[in-house]
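# Coordinate inspection notes
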Amino acid sequence: MIKQDRYKQIGAKIKDLRESLGISQADLATSAGFSSPTAIALIEAGDRKVSIERLELIAIKLGKDIN
């Protein structure tokens, strides 16, 4: 239960940053090495786990530190 809440928090932060920067899910997906923007949608919803490596790529694209 706690892990699921954590994924939702991470996803919400990613979505807020992405939208504030005007970056599309497709753009972010490409930068993080996903073949489909659906992966980003699932991460933002907290329905998909994201590896540290991919999270680092997302953070770079969003101009943030992974922490």
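Up top is the structure.
This report concerns the structure included in the present document. Every value quoted in this text rests on a predicted model; they were computed, and no experiment measured them.

### A closer look at the pattern of salt bridges
Within this structure, the stated rule accounts for two salt bridges. Of the charged contacts in the structure, one is a salt bridge between Glu-19 and Arg-18, with a shortest N-O distance of 3.9 Å. The closest approach of N and O atoms between Arg-18 and Glu-44, which form a salt bridge, is 2.5 Å. Here the residue Arg-18 occupies a position in helix H1 (residues 2–21), and Glu-44 occupies one in helix H3 (residues 37–45), the gap between them amounting to 26 residues.

### Topic: the side chain of Glu-44
On the basis of relative accessible area, Glu-44 is assigned to the buried category, the value being 9%. Beyond its immediate sequence surroundings of up to four residues, Glu-44 is in contact with Gly-11, Ala-12, Ile-14, Lys-15, Arg-18 and Gln-25.

### Topic: the layout of surface pockets
Considering only enclosed or pocket space, the largest pocket measures out at about 350 Å³ in volume. Lining the largest pocket are 14 residues, and of these Ile-10, Lys-13, Leu-55, Ile-66 and Asn-67 sit closest to its centre. Sorting the residues of the lining of the largest pocket by element identifies H1 and helix H4 (52–62) as the ones contributing at least two each. A per-element tally of the lining of the largest pocket places H1 first, with six residues. Split into classes, the residues belonging to the lining of the largest pocket amount to eight nonpolar, two polar and four charged.

### Some remarks on H4
Residues separated by three or four positions in an α-helix point in the same direction, a consequence of the helix having 3.6 residues per turn. Among all positions of H4, only Leu-55, Ile-58, Ala-59 and Leu-62 are buried. Mapping the buried residues of H4 onto a view down its axis gives an arc of 100 degrees, with all of them on the same face. Looking at H4, the residues exposed on the side facing more than 90 degrees away from the buried face are Glu-53 and Ile-60. Once H4 finishes, Gly-63 follows within two positions and takes phi at roughly 70 degrees, a positive value.

Calculation notes
Residues numbered from 1 in each chain as written. Predicted model: local features only at pLDDT ≥ 70, side-chain atom pairs only at ≥ 80, totals over all residues. Heavy atoms only, no water. Salt bridge = Lys/Arg side-chain N within 4 Å of Asp/Glu carboxyl O. Helix = DSSP H or I, 4+ residues; strand = E, 2+ residues; numbered from the N terminus. Buried < 20%, exposed > 50% of the residue type's maximum accessible area, 1.4 Å probe, protein only. Contact = heavy atoms within 4.5 Å. 1 Å grid on protein atoms, 1.4 Å probe; cavity = no way out; pocket = protein on both sides within 12 Å on 5 of 7 lines; lining within 4 Å. Points joined across faces, edges and corners; volume = space filled by probe spheres on them. Nonpolar A, V, L, I, M, F, W, Y, C, P; charged D, E, K, R; others polar. Arc of directions from axis to C-beta.

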